[in-house]
Amino acid sequence: MALLCIQTSLAQAAELLVNAAFGSTGCDLIEAIDSANSNTAVGGCVSGSTGLDTIRFADQFTRYELPGIAFSNLNGSSGTPEIVSQIRILGPGDKPMTIARPTSQSDIYRAFTIAFGGGELSLENVSLQNFGQSMGFTGGAIRVEGVLTMIDVELTDNSADFGGAIWVQGGRATVRRSLIHENRAQTGGGIGMSSSSQVSIYDTTISNNDSQSGGGISLAAAPGSSLAVFNATITENSASIIGGGLSLLMGSGGQNSVTIRNTILSGNTAPSSKEAHFISLRSPSDVDIRNNVLGYSANTYDQSVNILQFLQNDNIVLTQGTNQATLRTILDSLNDNGGKTMTHALAANSPAIDNGLQNSVSGTAPFFFSTPGCRGEFISLGFGGDYRPDQRGVSRPAGDECDIGAYEYQPNLTEESCFVVKAKNNRVITFCL
């Protein structure tokens, strides 16, 4: 009987194929989302279902344009209907398919709005470009009040007053193996968070975003929120006031928590707290900061960050008077190094190599507490889960230990006898003769 229930549940899911550009004969993206939301057939699309609906793009598409506003309310305007059900959107091809607002379009609007109370959106293998909000609105490409999951996604050239690429407003966002770069905002050039929000970032690059506060990520006026960052590369972001990489409000109106592990926080710029600024930190227990690389953007530690926790827990600090190094001795510029999205490769002999935290477990049976690093979150009888691959899909660790950042260094990659191929599961395999 239980098996029958499982089969019935699986049968409820529907798959919709986007085979037409907006306004053309067939099934376009707006009609597909309407079909999934309403569980009825809209336009040239098949009916959605009460389960998780998958929207796929036909192989002919490498770029899909959303040429106008399809939905507008007090939270701003969107090029697609508000997501109120469970929807997975999957792009074709070896690289993320571009979904864009046309450069000729004078109106500005975000790509997706995810509603509270049932809206769940999973994005895979797509690139969202040239979307935006103005007049105090939030979320240049995506606004999240429900649940967002991103895997192998690129967000670039988006803008808003708050959250240039993503704004999370009381929702939950999980970002994996993705690239967030060249987005702009007043607060949170890449990602912005408000109250009661949860953001988890794994094996992801946040680079070249710009804002007044929190060039890469901003936790702003956000009581009861949590930010967890594992194996990210946060670099070359800028803020005109404070917190070039991160600006995190910890104590206003409620307890916030921040976890940063195995992450490169280097080469960001701002007049104050070039790498990261923590506002109203009430207790060292508010933050869990381990095995990161901090610097190089400033001559002194105090110019890089305004808390002392980076001087503890096996963090590597690269400022004058300690182990000063140039940015390019840590990582290279953004480039296509294999995989779905661009990455900053680690420089040879980078201090990030083999210095990542794998995972630690404390406690006694039957109560174990996990401190995941480059392993997965699953803990069984005190042992860590499988290693997560890096942003490109390369297996970790390539050396003795996992590397810090989104990129796992492969020491033999430059030798003529070594080759890199992409497997069917989108992971990258390196082999040497």
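This structure is a prediction, so every number in the text was calculated from the model and none was measured.

What counts as what
Residues numbered from 1 in each chain as written. Predicted model: local features only at pLDDT ≥ 70, side-chain atom pairs only at ≥ 80, totals over all residues. Heavy atoms only, no water. Helix = DSSP H or I, 4+ residues; strand = E, 2+ residues; numbered from the N terminus. Buried < 20%, exposed > 50% of the residue type's maximum accessible area, 1.4 Å probe, protein only. Contact = heavy atoms within 4.5 Å. Areas by Shrake-Rupley, 256 points an atom, 1.4 Å probe, with all protein chains shown as cover. Disulfide = S-S within 2.5 Å. Phe/Tyr/Trp six-rings, centres within 6.5 Å; stacked < 30°, edge-to-face > 60°. Lys NZ or Arg CZ within 6 Å of the ring centre and 35° of its normal. Pairing = 2+ DSSP bridges. Axes fitted to C-alpha atoms, helices over the stretch in contact; angles between N-to-C directions. Salt bridge = Lys/Arg side-chain N within 4 Å of Asp/Glu carboxyl O. Core = buried A, V, L, I, M, F, W, Y, C linked by side-chain atoms within 4.5 Å. Polar contact = N/O pair within 3.5 Å; in protein donor to acceptor, adjacent residues only side chain to side chain.

1. Digging into the overall build of the protein
No. 1: When helices and strands are tallied, the protein shows three helices and 37 strands.
No. 2: Buried positions account for 55% of the 433 residues belonging to the protein.
No. 3: Contacts spanning at least 24 positions in sequence make up 71% of the contacts within the protein whose residues lie at least 6 apart.
No. 4: Of the accessible surface of the protein, which amounts to about 17300 Å², a share of 51% is contributed by carbon and sulfur atoms.

2. Things to note about the state of the cysteines
No. 1: Across all of its chains, the model carries two disulfides by this definition.
No. 2: For Cys 27, the disulfide goes to Cys 45, at an S-S distance of 1.9 Å. With the S-S bond torsion at 90°, the cross-link from Cys 27 to Cys 45 turns out right-handed. In this pair, Cys 27 sits in the loop between strand S1 (15-18) and helix H2 (29-38) while Cys 45 sits in the loop between H2 and strand S2 (53-57), placing the two residues 18 residues apart along the sequence. Taken individually, Cys 27 and Cys 45 each receive the classification buried, so the pair is uniform in this respect.

3. Considerations on the packing of aromatic side chains
No. 1: Counted according to the given criterion, the structure contains six aromatic pairs.
No. 2: Residues Phe 61 and Tyr 64 carry aromatic rings whose centres are separated by 5.2 Å and whose planes lie at 70° to one another, so their mutual orientation is edge-to-face. Take Phe 61 and Tyr 64: they sit in the same class, and that class is buried.
No. 3: An aromatic cluster is built from Phe 57, Phe 61 and Tyr 64, whose rings are joined through pairwise contacts.
No. 4: Geometry around Tyr 202 places Arg 176 over its ring, the cationic atom sitting 4.2 Å from the centre.

4. Considerations on the sheet that holds strand S29 (residues 287-290)
No. 1: On the basis of which strands lie adjacent, the open sheet formed by 10 strands has the order S1-S2-S6-S9-S12-S15-S18-S22-S26-S29 and parallel pairing. In the strand order of this sheet, the two ends are held by S1 and S29, each with one partner. Adjacent strand axes in the sheet meet at a mean angle of 10°, parallel and antiparallel pairs treated alike.
No. 2: Sheet analysis places strand S9 (residues 120-124) next to strand S12 (residues 147-151), joined by five bridges and oriented parallel. Each residue of the ladder has a partner; that of Glu 124, found in S12, is Ile 151.

5. Observations concerning the sheet that holds strand S30 (residues 293-294)
No. 1: What the 10 strands build is an open sheet, ordered S3-S7-S10-S13-S16-S19-S23-S27-S30-S31; its pairing is parallel. The two strands at the open ends of the sheet, each matched to only one other strand, are strand S3 (63-65) and strand S31 (316-317).
No. 2: Judged from the four bridges that link them, strand S7 (residues 97-100) and strand S10 (residues 126-129) form a sheet pairing that is parallel. From the neighbouring strand, Thr 98 faces S10, where its bridge partner is Ser 127.

6. Notes on the environment of Ser 35
No. 1: You can see Ser 35 is positioned in helix H2.
No. 2: As a C-alpha pair, Ser 35 and Ser 47 span 12 residues in sequence and 5.4 Å in three-dimensional space.
No. 3: Excluding residues within four positions of it along the chain, Ser 35 makes contact with Leu 16, Thr 40, Ala 41, Val 42, Cys 45, Val 46, Ser 47 and Gly 48.

7. Some points on the pattern of salt bridges
No. 1: Scanning the entire structure with this criterion turns up 14 salt bridges.
No. 2: In this structure, Arg 184 engages Asp 157 in a salt bridge whose closest nitrogen and oxygen atoms are separated by 3.0 Å. Here Asp 157 lies in the loop between strand S13 (154-156) and strand S14 (166-168) and Arg 184 lies in the loop between strand S16 (179-181) and strand S17 (191-193), a separation of 27 residues in the sequence.
No. 3: Here Arg 184 falls in the partly exposed class, since its relative accessible area comes to 36%.
No. 4: Of the charged contacts, one joins Arg 261 and Asp 288 as a salt bridge, the two residues approaching to 2.4 Å between their closest N and O atoms.

8. A look at the nonpolar core
No. 1: By size, the foremost hydrophobic cluster in this structure holds 69 residues, and its most contacted members are Leu 123, Leu 128, Ile 142, Ile 166 and Phe 278.
No. 2: For this core, the element with the highest residue contribution is H2, accounting for four residues.
No. 3: Apart from the residues within four sequence positions on either side, Phe 278 is in contact with Leu 248, Met 250, Val 258, Ile 260, Val 287, Ile 289, Val 305, Asn 306, Ile 307 and Phe 310.

9. Focus on the side chain of Ser 85
No. 1: Mapped onto the elements of the fold, Ser 85 is located in the loop between strand S5 (76-78) and strand S6 (86-90).
No. 2: For Ser 85, the side chain forms a polar contact with the side chain of Asn 37, separated by 3.1 Å.

10. Focus: H2
No. 1: For H2, a buried count of eight out of 10 residues is recorded, marking the element as mostly surrounded by other parts of the structure.
No. 2: Here H2 has its buried residues at Leu 29, Ile 30, Glu 31, Ala 32, Ile 33, Ser 35, Ala 36 and Asn 37.
No. 3: In this fold, the buried residues of H2 make contact with S1, S2, S3, S6 and strand S8 (112-114).
No. 4: By the N-cap criterion, in which a side-chain oxygen at the helix start approaches the backbone nitrogen of a residue two or three places on, H2 is capped by Asp 28, the distance to Ile 30 being 3.1 Å.

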